[in-house]
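Residue-level structure breakdown
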Amino acid sequence: MEIQKSIKKLINQYKAVENLKPGILFNDMYFPPSDKSIYSINPLYKNKSIQKPQLLFPLEEEFSKSQYSSLPKNIKYNWRSISQYMKDYNIIKNINVPLPIEDIIQGDIGNCYFFSALKFLSEEPERIISLINFNCNKNLKQNFFDVYTYINGYKSHIVIDDKFPFIQNSQSDFSFCKCNKKTNNIWPMILEKVWAKMNSSYEDTIQGNVSDVFLFFNPCPIKLYHHDIKYSNLFEKICNSIDQNFIVCADMSSKNENILLQKLGVISNHAYRLIGYGTILDSSGTKYNLVKIYNSFQITSWLGNWSPFSSKWTPELKTLLNYDPNKEKNVYYMDINDYLKYYSTTYILYWHKQYSYFYNKINISGINEPFTCCKISFNNLNYFNKNNSKDITYFIVNTKNKRIQQNFKNNRNFKDIFKNIYLYKLEEKEQMILIDSICGTEERISLQITNNLINEGEEFILVISFPYLDNEDKFQIKKNFSINPNRPKSICVGVYSNICNNSLNEIRDNTNDNNNILIEPVTNNENPS
């Protein structure tokens with residue numbers, strides 16, 4: 001029987017699982033242990049023969065398999081319960097020590113972006129540990145795992161059973177994500193299966209970018225900088241973000257391997273981490289702004305200017321940047337201009353320790369209302385954090401996740417929608433002062449304000465509109481402003497901050513017992529003109 005897919009019903013699986021009696025097993029109708037959960041129903045994959053990457057340099061066989069553009073159709077899989085296959089498995093063996101990077105082992109499937117994102121996130125164990133419900137079935141022998149995710153901005157439980165796919169009649173390990181035999185930690189396998197479930201199948205996880213994963217496993221702001229657009233201060237933004245320990249990474253999203261890129265030692269459709277920077281002068285006095293890049297998969301290395309053994313390096317310049325290419329494996333520098341030329345996108349994830357996320361659903365105004373407004377008020381402030389001029393409070397607007405809509409909902413024509421967002425501060429006599437504004441098509445857009453500009457009891461107004469864009473130029477709004485008929489029925493508005501006196505890393509929806517940050521719609525009578 002074909003199951004009608006509903007995100008709401010899928011999320012509500014957790015309520016049913018919570019009430020399972022001991023000895024009753026969880027039967028996952030949305031992600032059954034069968035080929036339906038392995039192969040995509042997407043016509044792009046349906047009759048697609050497996051394509052091996054065409055590379056100029058040799059790669060390890062296991063990594064080469066991970067670059068395949070689809071799954072082979074002649075393989076049969078069977079599913080085994082993890083508790084039967086590994087009686088001594090751990091979700092995470094020790095949550096009080098750093099997570100071993102060796103836990104993250106990609107399988108024979110082209111979703112390296114996913115495992116790159118896991119590697120970047122796991123640098124702070126809290127980012128992974130906070131995703132898993134360790135209290136779930138703590139004292140009961142049950143066959144499911146519970147993971148916290150963020151779907152369209154809402155914190156959501158996703159439950160999976162404990163069965164994982166193996167290649168039939170094979171002595172090999174798991175078909176996809178592997179298990180570190182030293183720790184027996186299975187948290188990457190759990191997260192990969194949750195990701196596959198929300199994409200409808202393992203095959204639907206092939207190809208993507210790290211921002212897809214960040215959006216799904218984090219509520220915090222993320223910013224994308226596409227390198228075909230000129231930014232006057234992107235190098236400065238990268239430097240500041242690295243200094244604040246934000247995740248800064250990049251990729252090359254070319255669908256076809258580029259011969260020039262391969263000659264220079266880099267692979268497209270692969271994610272890289274930016275871990276440092278430097279500004280230097282060469283012997284002729286020419287100034288270079290350099291970014292320091294880490295290749296997490298240990299495949300190849302940059303071969304152009306400022307590569308590990310480039311003739312441009314002098315002992316003095318290496319000392320200046322404290323750089324020893326013999327010791328720092330898989331790390332290289334690039335000039336910012338080469339970086340912008342050969343990489344396609346920079347991603348910055350603004351994750352902060354000790355920050356909390358508050359959110360609420362806001363319904364979009366009627367078709368005759370050009371703007372939707374919501375009011376955000378602050379109470380019970382933490383004055384130590386409030387007076388720190390470096391601390392930031394983020395105002396976030398989430399719309400529907402494109403990848404989930406296309407894969408889980410099978411809405412292949414779904415597109416991100418353009419939106420304008422304005423942040424106002426409400427003053428006395430209902431006067432409003434514009435603080436910031438932004439526009440774009442990203443599904444999570446954020447505005448920010450320093451904490452020292454927020455006072456107890458103050459109110460802010462977010463104004464959101466969905467204008468219709470001219471098809472000839474996606475960045476031009478029609479002269480006669482008109483409302484996009486495809487705008488969503490609702491959005492998720494959130495605040496990410498450490499300004500209120502609540503428990504650390506708390507995630508709160510806008511329930512009545514929340515007296516710290518209140519997010520509420522503005523009625524038609526209150527709408528600013």
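That block above? That's the structure.
Note that the coordinates shown come from a computational prediction; the quantities given were computed from them, not determined experimentally.

Quick word on the layout of surface pockets
One way to see where empty space is left: roll a probe the size of a water molecule over the atoms. In this structure, the second largest pocket occupies an estimated 930 Å³ of space. For the second largest pocket, the lining is made up of 30 residues, of which Lys8, Ile11, Ile151, Tyr154 and Lys361 are closest to its centre. Every element with two or more residues in the lining of the second largest pocket is listed here: α1 (7–11), α2 (13–18), β3 (154–161), β11 (356–363) and β18 (490–497). Its residues placed into classes, the lining of the second largest pocket shows nine nonpolar, 13 polar and eight charged.

Looking at the nonpolar core
Soluble globular proteins tend to pack their nonpolar side chains together in the buried interior. The biggest cluster of nonpolar side chains holds 101 residues, and the ones touching the most others in it are Trp187, Phe214 and Tyr343. Residues contacting tyrosine 343, with those up to four places away along its chain left out, are His227, Ala250, Asp251, Met252, Val266, Tyr272, Ile293, Tyr332, Met334 and Asp338. In this structure, Ile364, Phe395, Phe460 and Cys500 belong to the second largest nonpolar core, which totals 27 residues.

Let's talk about the packing of helix α6 (residues 112–121) against helix α9 (residues 210–217)
Running from amino to carboxyl end, α6 crosses α9 at an angle of 55 degrees, the nearest separation of the two axes being 8 Å. One element, α6, and the other, α9, form an angle in the oblique class. In the crossing of α6 with α9, the sense of the turn from one axis to the other is right-handed. Taken together, the residues of α9 that come into contact with α6 (itself represented by Tyr113, Phe114, Ser116, Ala117, Phe120 and Leu121) are Val210, Val213, Phe214 and Phe217. For the contact of α6 with α9, the residue count by class is nine nonpolar, one polar and no charged.

Here's the deal with empty space enclosed by the protein
According to the stated counting rule, one finds two cavities of 30 Å³ or more in the structure shown. Within this model, the largest cavity holds a volume of roughly 70 Å³. For the second largest cavity, the calculated volume is near 50 Å³. Lining the second largest cavity we find Phe164, Pro165, Phe174, Phe176, Cys177, Met189, Glu192 and Tyr202. Of all elements in the fold, only β4 (163–167) and α8 (187–199) reach the threshold of two or more residues within the lining of the second largest cavity. Counted by class, the lining of the second largest cavity contains seven nonpolar, no polar and one charged residues.

Things to note about the packing of α8 against α9
For the pair α8 and α9, the least separation of the axes is 12 Å and the interaxial angle reads 95 degrees. On the basis of their axis angle, the class for α8 and α9 is roughly perpendicular. Taken together, the residues of α9 that come into contact with α8 (itself represented by Leu191, Val194, Trp195 and Met198) are Asp212, Val213, Phe216 and Phe217. When its residues are assigned to classes, the contact of α8 with α9 shows seven nonpolar, no polar and one charged.

Some thoughts on the sheet that holds strand β15 (residues 432–440)
Paired through their backbone hydrogen bonds, the strands of a sheet run either parallel or antiparallel. With respect to topology, five strands assemble into an open sheet ordered β15-β14-β17-β12-β20, the strand pairing being antiparallel. Two strands in the sheet have a free side with no partner beyond their single neighbour: β15 and β20 (517–521). With strand direction ignored, the average angle separating the axes of adjacent strands in the sheet is 20 degrees. Two elements, strand β14 (residues 419–426) and strand β17 (residues 459–465), share six bridges in a ladder whose sense is antiparallel. The residue of β17 that forms the bridge with isoleucine 421 is isoleucine 464.

Points about α6
Burial runs high along α6: 10 of the 10 residues are buried. Among all positions in α6, only Cys112, Tyr113, Phe114, Phe115, Ser116, Ala117, Leu118, Lys119, Phe120 and Leu121 are buried.

A short note on the pairing of strand β1 (residues 77–81)
Across the two faces of β1 the burial differs, with Tyr77, Trp79 and Ser81 buried and Asn78 and Arg80 not buried at all. For β1 and β4, the ladder comprises five bridges, and the chain directions are antiparallel. Directly across from tryptophan 79, in β4, lies its bridge partner proline 165.

Here's the deal with unusual backbone geometry
Positive phi outside glycine occurs at asparagine 152, with the angle close to 60 degrees. Among the secondary structure elements, asparagine 152 is positioned in the loop between β2 (144–151) and β3. Classification of asparagine 152 by relative accessible area gives buried; the value is 16%. Despite not being glycine, glutamine 354 has its phi angle at roughly 65 degrees, a positive value.

Some words on the pattern of salt bridges
Any two side chains of opposite charge can pair if their charged atoms end up close together. By the definition in use, this model includes eight salt bridges. A salt bridge links glutamate 124 to lysine 353, with the shortest nitrogen-to-oxygen separation between them at 3.5 Å. In this pair, glutamate 124 is assigned in the loop between α6 and α7 (125–129) and lysine 353 in the loop between β10 (345–349) and β11, connecting sequence segments 229 residues apart. Exposure remark for lysine 353: the relative accessible area of 48% places this residue in the partly exposed category. Note that lysine 375 is salt-bridged to glutamate 459, the shortest N-O span being 4.0 Å. Here lysine 375, found in strand β12 (residues 372–378), pairs with glutamate 459, found in strand β17; they are 84 residues apart in sequence, far enough to count as distant.

Remarks on the side chain of threonine 399
Along the polypeptide, threonine 399 turns up in the loop between β13 (392–398) and α15 (402–407). Look at threonine 399 and you get buried, because its relative accessible area is 7%. Here the side chain of threonine 399 touches lysine 419 through a polar contact of 3.4 Å, side chain to side chain. If we ignore the near neighbours within four places in the chain, the residues touching threonine 399 are Asn152, Lys419, Glu442, Glu443, Phe466, Pro488 and Ile491.

Reading the values: rules and limits
Residues numbered from 1 in each chain as written. Predicted model: local features only at pLDDT ≥ 70, side-chain atom pairs only at ≥ 80, totals over all residues. Heavy atoms only, no water. 1 Å grid on protein atoms, 1.4 Å probe; cavity = no way out; pocket = protein on both sides within 12 Å on 5 of 7 lines; lining within 4 Å. Points joined across faces, edges and corners; volume = space filled by probe spheres on them. Helix = DSSP H or I, 4+ residues; strand = E, 2+ residues; numbered from the N terminus. Nonpolar A, V, L, I, M, F, W, Y, C, P; charged D, E, K, R; others polar. Core = buried A, V, L, I, M, F, W, Y, C linked by side-chain atoms within 4.5 Å. Buried < 20%, exposed > 50% of the residue type's maximum accessible area, 1.4 Å probe, protein only. Contact = heavy atoms within 4.5 Å. Axes fitted to C-alpha atoms, helices over the stretch in contact; angles between N-to-C directions. Parallel < 35°, antiparallel > 145°, perpendicular 65-115°, else oblique. Left-handed = near helix turned anticlockwise from the far one by under 90°. Pairing = 2+ DSSP bridges. Salt bridge = Lys/Arg side-chain N within 4 Å of Asp/Glu carboxyl O. Polar contact = N/O pair within 3.5 Å; in protein donor to acceptor, adjacent residues only side chain to side chain.

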